[in-house]
Amino acid sequence: MFGEGGHAYVYFTYGNHWLLNFTAEHEGQPGAVLIRALEPLEGIERMAKNRGVSEVANLTDGPGKLTKALSIDGALNGEDTVKSRRLYVLDRDGPVPFKASSRIGVSKGREQQWRFFVDGNPFVSGR
């Protein structure tokens, strides 16, 4: 989380799940964004096999589900999401309608609106 912005910060939590974050600050300054969900567009069969589920809506609608579906683990920690061919972010044309809310699964800082999601998307975690 203290690394240069634009890199993967992947860590193991609760002895069960890998979580994917993207660093978002200058090196030495803590700051990262937890990737909580995504809308699967390609590779759905493989994701379903990785997760052991068949319902598409449940493939990637949580941070642990997402990493399991995409086979993301600690080997991707530090990956440069700008230059990498294994893990990268695609640009999207045009604005995306989004909303903000309090974070999920935390007891402190609930007054902060630090959870951002695509408004109306059925793949949002914590629906």
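Refer to the structure above for everything that follows.
So, a few notes on the structure that sits alongside this text. (Residues numbered from 1 in each chain as written. Predicted model: local features only at pLDDT ≥ 70, side-chain atom pairs only at ≥ 80, totals over all residues. Heavy atoms only, no water.)

1. Notes on the nonpolar core
Burial of nonpolar side chains together is a common tendency in soluble globular proteins. Quick reminder of the rule: Among the buried residues, those of types Ala, Val, Leu, Ile, Met, Phe, Trp, Tyr and Cys that are joined through side-chain atoms within 4.5 Å form a nonpolar core. A 1.4 Å probe rolled over the protein chains alone gives each residue an accessible area, and that area as a share of the maximum for its type sets the label: buried under 20%, exposed over 50%, partly exposed in between. What counts as a helix is a DSSP run of H or I of at least four residues, what counts as a strand is a run of E of at least two, and both are numbered from the N terminus. By the convention used here, residues are in contact when the closest approach between their heavy atoms is within 4.5 Å.
Counting nine residues, the largest nonpolar core consists of Ala8, Val10, Leu20, Phe22, Ile35, Leu66, Ile72, Leu76 and Leu87. Elements with a contribution of two residues or more to this core: β1 (8-13) and β2 (17-23). Setting aside chain neighbours within four positions, we find Ile72 in contact with Val10, Trp18, Leu20, Thr67 and Leu87.

2. Remarks on the sheet that holds β2
Strand pairing in a sheet is mediated by backbone hydrogen bonds. Such pairs are either parallel or antiparallel. Note the following rule: At least two bridges found by DSSP between two strands is the condition for calling them paired. Between N-to-C directions, angles span 0 to 180 degrees; the directions come from axes that are lines fitted to C-alpha atoms, helices contributing only their stretch in contact.
Spatial ordering of the open sheet is given by β1-β2-β3, a layout of three strands whose pairing is antiparallel. Looking at which strands have only one partner, the edges of the open sheet turn out to be β1 and β3 (32-34). If you compare each strand with its neighbour and ignore which way they point, the axes differ by 35° on average. Direction of pairing for β1 relative to β2: antiparallel, over a ladder of six bridges. By the bridge assignment, Thr13 is partnered in β2 with His17.

3. Some thoughts on helix α1 (residues 44-51)
Stated formally: Read the arc as the range of directions from the helix axis to the C-beta atoms.
Among the residues of α1, Met47, Ala48 and Arg51 are the ones counted as buried. All buried residues of α1 lie within an arc of 100° about the axis, which places them on one face of the element. For α1, the exposed residues lying more than 90 degrees away from the buried face are Glu45, Arg46 and Lys49. Among the structural elements, α2 (63-69) are those in contact with the buried residues of α1. Within two residues after α1, Gly52 carries a phi angle of roughly 75°, on the positive side.

4. Examining the packing of aromatic side chains
The following threshold applies: Put simply, two rings from Phe, Tyr or Trp (the six-membered ring, in Trp's case) pair if the centres are within 6.5 Å, and we call them stacked under 30 degrees between planes, edge-to-face over 60, tilted for the rest.
Counted by the stated rule, this structure contains three aromatic pairs. With a centroid separation of 5.1 Å and 35° between ring planes, the pair formed by Tyr9 and Tyr11 is classed as tilted. According to the relative accessible area criterion, Tyr11 is partly exposed, its value standing at 29%. On the numbers, 6.2 Å between centres and 70° between planes, the contact of Phe98 with Phe116 is edge-to-face. Pair noted here: Phe98 is in strand β4 (residues 98-101) and Phe116 is in strand β5 (residues 115-118), with a separation of 18 residues, a long-range link. Across the pair, Phe116 and Phe98 agree in class, each one exposed.

Remember that the coordinates give geometry; whether it matters functionally is a separate question.
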